[in-house]
Amino acid sequence: MAAITLKDIRKTYGDGFEAVKGVSLDIADGEFVILVGPSGCGKSTLLRMIVGLEDITSGELTIGEKVVNDKAPRDRHLAMVFQNYALYPHLTVFENIAFPLRLQKGKFTEEQVREKVEFAANTLELQDHLQRKPANLSGGQRQRVAMGRAIVREANAFLFDEPLSNLDAKLRGQMRTEIARMQRRLGTTTVYVTHDQTEAMTLGDRVAVLRKGELQQVASPRGLYEQPVNLFVAGFIGSPPMNFLPGEVDGDTLHLPVADVPISSELKEKLGDRKLVIVGLRPEHFEDASLTKDAAEGTVSFDVNVDVTEWLGSDLYAYIPFETHADVASKLEELDRDLDGEGMRTQMVVALDSESRVRDGDKASLWFDPTKMMVFDPEGGENLTYDADKVREVDQQNEQDRKASIQRAQERESAKAS
Amino acid sequence: MRTMTPKLRIWWGVITVLVLVYALFPVFSIIATSFKLPSQLNLGTFLPKTWTWSNYEQILTGSAKDLFLPSLRNSIGISLIATAIAVVLATLAAYAIARLDFPGKRLILTTALGVSIFPVVSIVTPLFNLWRNIGLYDTWLGLIIPYLSLTLPISIWTLAAFFRQIPWELEQAAQVDGATSWQAFRKAIVPLAAPGVFTTALIAFFIAWNDFVYGISLTSTSAARPVPAALAFFTGASQFEEPTGAISAAAVIVTVPVVILVLLFQRQIVSGLTQGAVKG
């Protein structure tokens, strides 16, 4: 069990390509941190530098108070679960899990090895499969064997490299909860790499968003969702993704393609003398006016033509095309590319109540609360409405919740043991 | 697959028989010749008129024994040693080539390819002089070294294809689990590469065993002469008799074990040759 500290870690390859550009991160003992970002952002490279499979070009990596930059993977006492499981095909499940123990010749008796392997197998419901070979197991079972191999060593930290991306959607959901359960029970520091923001939001105590080798923001999932620090984080977190509309500042009004929003005095201060901004509104901030009696005070109502709708049972997604401003079009396209998107037309997504009667081609009456709106600078992309205090508050609350749930889990364990 | 009509089946049967006869006739001819009396060699029949073991006796216990038995021992010894060295060296080289990116990697691979397509006959004369000068002429070592040049290229290529198939994550997982590079190689990779190593050893053995040019040019006595070369020196009982019977018997003795080995391990050999071809 150890804390991991990354201080200004950089990675430059032989041909000059900078994969990681100065990332600093503090991971507390027992914390579950997620590294998330689109493909090519350097998250896997960062993970491999932590475990020792890649050299660190510059910067300092500390595991449990010791600087480990030059230590081989075997000396760092970490356990890693790979994307394609990396099970030894010629060994049975039992031997696969026992492999790390057997490498430490003489340290464990045969009896101890068996005990440890069985404990790990029981934690992951593998006790019936111990004598089978990996080739005969399903994807989920193989992933659990890989996790068993990681647990059995009682390592300082667990590292996961996109472990669920090879599984189908349903299995992914089940394995997610398995991983969460396992981590809470064992209380081991965990670093988890994924490109799926759903996994990031649901599993992590804190999430670090990376883009092109640079750390964008580290905060609790709630902090990232409510207070993204820039355009990239805002667009990455949340599904369906946030809508970005160009906003023209005109005195006290902000002209959006679909509506005009009055600018409050605080917002005016933050806008400075910008004439053009990018406004972010999450799909769930919109409501169907026909379903609510009266729009509340301070909300902005507007009528739009709806292009396509998708009814999912729990929600209704309505797609509303709009004209974007030429000056922000290129910035938004670049953002779309960074987020691995292939947006073909500018359109807004709104998530309405499933009772809504809005359908394809309809004219809909919608309203939204402008205080939920986020305003971004069109050049640099930073969030002008970012509230650092709020984030701190949310993160502190999050930290308290985390410690409490670990406490509860440990009490449960000791109650079970006694 | 369409089910075969009886007519089609007959045609397939005929073609199979023709192909088998075409391929195996020489082999059976040699086996038959090895059982013929020397005096009856020119009778023109396929099967011997009188079946006799005299050819075998001659080469194993009779007048040709001093020519044949030492050469058999030489062949087995030299081929085995050359194969062992080639496999060990090729395993290490192929592992490096498959896993690492180092300066000179392309050079090594193209050199290996170049060496293997170079005509052997053209370098035999200079080698003969060189070996005479440094005292390797007519020794086992003097043959093992050229045999390495024959067997290493194909061994490296075959084994590199094998290693490339094994995902790198296996060694990495072993390293994270606490193994040194050598332990990771030995415990995670070697068991998986064993079929490849075995196949490569077989291929290398055949190449060394069947060599003729080096065998005949770099030896002069039975100290190091291998079997294919020794067969060229067989003489008959008198200057009018051809040693065809003895040669056939020797060929049978030399070929039959190889055929048995291939038949026993044919599945491994074929999978070994095709493994590197397709991913997965």
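Because the structure is a prediction, the values reported are computed rather than measured. (Residues numbered from 1 in each chain as written. Chains lettered and ligands numbered in written order. Predicted model: local features only at pLDDT ≥ 70, side-chain atom pairs only at ≥ 80, totals over all residues.)

Considerations on the nonpolar core
Keep this limit in mind: Nonpolar cores are identified as sets of buried Ala, Val, Leu, Ile, Met, Phe, Trp, Tyr and Cys residues joined via C-beta atoms within 7 Å. Three exposure classes are used, all based on how many other C-beta atoms lie within 10 Å of a residue's own C-beta (placed from the backbone): buried at 20 or more, exposed at 12 or fewer, and partly exposed between those limits. Each helix is a run of H or I in the DSSP string that is no shorter than four residues. Each strand is a run of E no shorter than two, and both are numbered from the N terminus. Note on contacts: residues are paired as contacts if their backbone-placed C-beta atoms lie within 7 Å.
Among the nonpolar cores identified, the biggest contains 151 residues, and Leu159 and Val191 of chain A are the most heavily contacted of them. Examining the composition of this core, we find that 12 residues originate from one element, helix H8 (residues 181-210) of chain B, more than from any other. Once residues within four sequence positions are removed from consideration, Val191 of chain A is found in contact with Ile4, Ile27, Val33, Leu35, Leu47, Ile50, Ala157 and Leu159 of chain A. Grouped together as the second largest cluster of nonpolar side chains are 11 residues, Val227, Leu231, Ala246 and Ala250 of chain B included.

Quick word on unusual backbone geometry
All names here are of chain A. Following Ser239, the chain continues into Pro240 via a peptide bond in cis, with omega recorded as 0°. Mapped onto the elements of the fold, Pro240 is located in the loop between helix H8 (231-236) and strand E11 (243-250). A positive phi is found at Tyr85, a non-glycine position, where the angle reads about 65°. Relative to the helices and strands, Tyr85 resides in the loop between strand E6 (78-81) and helix H2 (93-103). Notably, Ala86 is not glycine yet its phi reads approximately 50°, a positive angle. Within the secondary structure layout, Ala86 lies in the loop between E6 and H2. For Ala86, a count of 25 C-beta atoms within 10 Å puts it in the buried group.

Digging into the environment of Thr202 of chain A
Residues and elements named next belong to chain A. Relative to the helices and strands, Thr202 is located in helix H6 (residues 197-203). Accessibility expressed as a C-beta count within 10 Å gives 14 for Thr202, which makes it partly exposed. The spatial distance from the C-alpha of Thr202 to the C-alpha of Arg222 is 10 Å, given a sequence separation of 20 residues.

Examining the sheet that holds strand E19 (residues 347-353) of chain A
All names here are of chain A. Stated precisely, the cut-off is as follows: Pairing between two strands is assigned when DSSP locates at least 2 bridges connecting them. Lines fitted to C-alpha atoms define the axes here, with helix axes fitted over just the stretch in contact, and angles between the N-to-C directions of these axes take values from 0 to 180 degrees.
Pairing is antiparallel across the open sheet formed by three strands, whose spatial order is E17-E18-E19. If you trace the sheet from one side to the other, it starts and ends with strand E17 (308-311) and E19, each paired once. The mean inter-strand angle of the sheet, taken between neighbouring strand axes irrespective of direction, is 20°. Here E17 runs beside strand E18 (residues 315-321); their pairing, made up of four bridges, is antiparallel. Across the sheet, Glu310 pairs through a bridge with Tyr317, a residue of E18.

So, the domain arrangement of chain A
Test applied: Each domain's limits were defined by an automated method or a database of domain assignments.
By domain assignment, chain A separates into domain 1 (4-226) and domain 2 (240-386). A straight line from the C-alpha centre of domain 1 of chain A to that of domain 2 of chain A covers 38 Å.

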